[in-house]
Amino acid sequence: MFTCRVLGHRLRFRAEGPVLRWECERGCGEGGSKTYDSADAAGRYAAAFDRQDNQDLGKRAPLIGLLPLRLWRSLRRPRGE
């Protein structure tokens, strides 16, 4: 699929008993599985891997995203202020 080649796969993870399964959300066919010792371990990994970066975007963006703007403004500000 062209979108996956350009933007990368959007993998989704789920646990089925002790088996962790993943597949591309876009339906390109990419996927796989791994068996763990317990269903609890597979569930923990699925929950951790299935987290998307945009879920806590509002918490991280101001510090990292606005830092260049803050630095630029501080450099443009006259020394007397």
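A brief report on the enclosed structure follows. (Residues numbered from 1 in each chain as written. Predicted model: local features only at pLDDT ≥ 70, side-chain atom pairs only at ≥ 80, totals over all residues. Heavy atoms only, no water.)

Quick look at the overall build of the protein
Here is step 1 of the chain: Scanning the protein from N- to C-terminus turns up four helices and three strands.
Here is step 2 of the chain: The helix and strand sequence of the protein, counted from the amino end, reads α-β-β-β-α-α-α.
Here is step 3 of the chain: Counting across all 81 residues of the protein, residues that qualify as buried make up 12%.
Here is step 4 of the chain: Carbon and sulfur atoms make up 53% of the accessible area of the protein, which amounts to about 6700 Å² in all. (Helix = DSSP H or I, 4+ residues; strand = E, 2+ residues; numbered from the N terminus. Buried < 20%, exposed > 50% of the residue type's maximum accessible area, 1.4 Å probe, protein only. Areas by Shrake-Rupley, 256 points an atom, 1.4 Å probe, with all protein chains shown as cover.)

Section: the nonpolar core
Here is step 1 of the chain: One finds Phe13, Leu20, Tyr36, Ala41, Ala42 and Ala46 forming the largest nonpolar core, which totals six residues.
Here is step 2 of the chain: The biggest single contributor to this core is helix H2 (residues 39–49), with three residues.
Here is step 3 of the chain: Once you skip the residues sitting within four places of it in the chain, leucine 20 turns out to touch Phe13, Arg14, Gly32, Ser33, Lys34, Tyr36, Ala42, Tyr45, Ala46 and Phe49. (Core = buried A, V, L, I, M, F, W, Y, C linked by side-chain atoms within 4.5 Å. Contact = heavy atoms within 4.5 Å.)

Points about the pairing of strand E3 (residues 31–35)
Here is step 1 of the chain: Note: strand E2 (residues 19–24) against E3, five bridges, orientation antiparallel. The residue of E3 that forms the bridge with valine 19 is threonine 35.
Here is step 2 of the chain: What sits between E2 and E3 in their antiparallel hairpin is a turn of six residues, with glycine 27 showing a positive phi close to 80°. (Pairing = 2+ DSSP bridges.)

Taken by themselves, the reported measurements are silent on function.
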